Amino acid sequence: MSEYKPVTNEVIEALKAAVGSEYVLTEPEKLDAYKTDEETNPHYFHLPEAVVLPGSAEEVAAVVKLANQYKFPITVRSAGTSLAGGAIPVCGGIVLLLERLNKILEVNHDAMYMVVEAGALTKEIQEIANKEGLLYAGDPCSADSCLIGGNIATNAGGNKAVRYGTTRNQVYAVEVVTPTGDIVEMGARLQKKTTGYCLEQLLIGSEGTLGIITKATLKLQPLPPYRFDLLAIFTEVEKAIDIVPKVIKAGITPTSVEFMDNSFVRSTNDYCESRLPHYEDGNYVIITVETFSEDELDSKMEVLDTLCSENGAVEVLEADERVWKLRRSCQESVRIISLVSITDDLVVPLDKIAETIKFVMETGKKYPFKVMTLAHAGDGNLHFVLCKCELADEVWEKEVAKFHAEVYEYAYGIGGRLSGEHGIGVKKLEELETYTAPGELLVMKTIKKAMDPNNILNPGKLLKI
Ligand SMILES: Cc1cc2nc3c(=O)[nH]c(=O)nc-3n(C[C@H](O)[C@H](O)[C@H](O)COP(=O)(O)OP(=O)(O)OC[C@H]3O[C@@H](n4cnc5c(N)ncnc54)[C@H](O)[C@@H]3O)c2cc1C
């Protein structure tokens, strides 16, 4: 671990000179809001020594240069919705808040792209694209609150990734402040290029460890005018899960294929104070199909309806906004069951998603905590939530570690990885060391050390250095 110097009065004065006095926060009550993100376990909490709000890429660069000069770490924070502890300043130093960089700089309808500052709200980007009759296809369930810089830094997935891919597929170019304080444009508004290393893709998903994203050029898509959301309900979990690969193989190019087990069906209905069908015994599969012609939509829906009925769905309904509200409330609804919980994220090859969900559910039965599962099933991405409920701390920690080891061993055994979208953050540091092939880990560490020789950007995250 690197040695850092405290953020002294001299540093605070230099930061104030760089960004303006009102944009450097040091009052303890203000710092307290930045000791964690979505993480609820106090074990991970850490107070920053200051919070800095730059107003331009130049100011970000000036702050990074000061960090190298005075040797203090920087944790970049967008909206702090990270589920991996990514925005917690675990090594102290400063939290760099990008919320002032929130402008939509350009929307080009004809060429279908948009230029935005990193602090723009994801939901606003989606809405502005829609108003132009276009689609920004990044769609994490947290879109209401998260910022585009955070999405790019985590390569966020979400509900449309089956058809459009994750955030990395929505980005042409990024403006980045490097760990040594240079402002660099990476990528270009091109459909293809083989012109040196693909640096923008290296930055996407680097979780704030290789550079600070200050601006992005985003791809927009034609907005399909026809859409149907279908809710297939299965009382047998195996049947619900087994439908997923069949839907993918049916050639209907769904936009979303989401799975919620009955625990989530119950918790989200309770949370949203609703009672959708089969609250007691249903497992939900939500499938969205979008097309450019009505006939195409009709024929795809027929295929889907037959597929679901033949595979044992007890009901197949149109999924209205109430169903999507349940899906978006999954994370929050867990609090009804347990104040302390762990949300996990795994990705496996698409053809293994059904068996992985079964494995996680079966394995969960051996443990003293409750295991709830949901999945962006159409892209092989499984989330499971472990609920502590009334379990004693020591038992909880010991049993969670055993459960994780079983599940990660299994996932790696079938070609999976530790995270499909939430990232490694601080929470899976040890596991990345354990499960990543030594050669691959060495390349990652070599890149990090070359780009960030003083280990300034987001230390204690992603890689153990
Ligand atoms: C209810 C809920 C639902 C969610 N659903 C999804 C989902 O469907 N799909 C999904 O992928 N995730 C989901 N998440 C997780 C989270 O919303 C995503 O990881 C999101 O991309 C984080 O964005 P943020 O703006 O909150 O970033 P933050 O949490 O502030 O930061 C996340 C990480 O990115 C780094 N970072 C932030 N901004 C920058 C920047 N400009 N430059 C460099 N590094 C930066 C931070 O240092 C940190 O490591 C969900 C979270 C919640 C609470």
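Quantities reported herein were computed from a predicted structural model and do not represent experimental measurements. (Residues numbered from 1 in each chain as written. Predicted model: local features only at pLDDT ≥ 70, side-chain atom pairs only at ≥ 80, totals over all residues. Heavy atoms only, no water.)

In this section: the packing of aromatic side chains. One pass over the structure, following the stated rule, counts 8 aromatic pairs. Taken together, a centroid distance of 6.0 Å and an interplanar angle of 80° make the contact between Tyr 408 and Tyr 435 edge-to-face. Highlighted residues: Tyr 408 in helix α14 (residues 393–413) and Tyr 435 in helix α15 (residues 429–435), separated in sequence by 27 residues. For Tyr 408, a relative accessible area of 2% puts it in the buried group. In this structure Tyr 435 comes out as buried when scored by relative accessible area, which is 16%. An angle of 25° between the planes, with centres 5.0 Å apart, marks the rings of Tyr 412 and Tyr 435 as stacked. (Phe/Tyr/Trp six-rings, centres within 6.5 Å; stacked < 30°, edge-to-face > 60°. Helix = DSSP H or I, 4+ residues; strand = E, 2+ residues; numbered from the N terminus. Buried < 20%, exposed > 50% of the residue type's maximum accessible area, 1.4 Å probe, protein only.)

Here is the key point about a regular strand: its side chains alternate between the two faces of the sheet. Pairing analysis gives 9 bridges linking strand β12 (residues 226–234) to strand β14 (residues 283–291), with the strands arranged antiparallel. Looking across to β14, one finds that Asp 229 is bridged to Thr 288. Here β12 runs beside strand β15 (residues 315–318); their pairing, made up of 4 bridges, is antiparallel. When the bridges of β15 are listed, Leu 231 appears paired with Leu 317. (Pairing = 2+ DSSP bridges.)

Moving on to unusual backbone geometry. The phi torsion at Thr 253 lies on the positive side, around 45°, for a residue other than glycine. Locating Thr 253 in the fold gives a position in the loop between α8 (237–249) and β13 (256–260). Backbone geometry places Asn 455, a non-glycine residue, at a positive phi of 50°. As for its position among the elements, Asn 455 is in the segment after α16 (438–451).

Residues Val 237, Ala 240, Ile 241, Ile 243, Val 244 and Val 247 constitute the buried set of α8. Contacts from the buried residues of α8 go to β12, β13, β14, α10 (294–310) and α13 (353–364). Downstream of α8 by a residue or two, Gly 251 has a phi angle that is positive, lying close to 75°. (Contact = heavy atoms within 4.5 Å.)

Bringing the layout of surface pockets into the picture now. Considering only enclosed or pocket space, the largest pocket measures out at about 1000 Å³ in volume. Around the largest pocket, the lining is made up of 47 residues, and of these Thr 81, Ser 82, Leu 83, Ser 142 and Cys 146 lie nearest the centre. The greatest single-element share of the lining of the largest pocket, amounting to 5 residues, is contributed by helix α5 (residues 148–154). The class makeup of the residues in the lining of the largest pocket is 17 nonpolar, 21 polar and 9 charged. (1 Å grid on protein atoms, 1.4 Å probe; cavity = no way out; pocket = protein on both sides within 12 Å on 5 of 7 lines; lining within 4 Å. Points joined across faces, edges and corners; volume = space filled by probe spheres on them. Nonpolar A, V, L, I, M, F, W, Y, C, P; charged D, E, K, R; others polar.)

The subject of this paragraph is the pattern of salt bridges. What the rule picks out here adds up to 28 salt bridges. Between Glu 27 and Lys 30 there is a salt bridge whose closest N-O contact spans 3.5 Å. Judged by its relative accessible area of 39%, Lys 30 is partly exposed. One network of salt bridges, in which partners are shared, links Arg 227, Asp 229 and Glu 290. (Salt bridge = Lys/Arg side-chain N within 4 Å of Asp/Glu carboxyl O.)

Bringing the domain arrangement of the chain into the picture now. Examined at the domain level, the chain breaks down into domain 1 (104–222), domain 2 (226–331) and domain 3 (338–424). Taken over C-alpha atoms, the centre of domain 1 sits 29 Å from the centre of domain 2. Listed as interface residues are 9 residues of domain 1 and, on the opposing side, 12 residues of domain 2. When domain 1 packs against domain 2, the two sides together hide about 870 Å² of surface, and 55% of this comes from carbon and sulfur. Area buried by domain 1 at its contact with domain 2 is led by Asn 159, Val 162 and Arg 163, which between them contribute 63% of it. (Domains from an automatic or database assignment. Buried area = accessible area lost by both parts, 1.4 Å probe.)

A few words on helix α9 (residues 262–271). With 7 of its 10 residues buried, α9 lies for the most part within the structure. Asn 262, Ser 263, Phe 264, Val 265, Ser 267, Thr 268 and Asn 269 are the residues of α9 that are buried. Where α9 is buried, its residues contact β13, β14, α11 (321–328), α12 (330–337), β17 (370–376) and β18 (381–387). Structurally, the start of α9 carries an N-cap: the backbone nitrogen of Ser 263 is 3.1 Å from a side-chain oxygen of Asp 261. The positive-phi residue at the C-terminal boundary of α9 is Glu 273, with phi of around 50°. (Polar contact = N/O pair within 3.5 Å; in protein donor to acceptor, adjacent residues only side chain to side chain.)

Taken together, the neighbourhood of the ligand is formed by 37 residues, with Val 76, Ser 78, Gly 80, Thr 81 and Ser 142 sitting nearest. At a separation of 2.6 Å, an oxygen atom of the ligand approaches a polar side-chain atom of Thr 81. Ser 82 places a main-chain nitrogen or oxygen 2.9 Å from an oxygen atom of the ligand. Here the ligand has 970 Å² of accessible area as a free molecule, and 97% of this is covered by the chains. Judged by its atoms lying within 2 Å of the grid points, the ligand is housed in the largest pocket. Those elements that place two or more of their residues in the shell around the ligand are β3 (74–77), α5, β10 (212–219) and α12. (Near = heavy atom within 4 Å. Areas by Shrake-Rupley, 256 points an atom, 1.4 Å probe, with all protein chains shown as cover. Sits in = over half its atoms within 2 Å of the grid points.)

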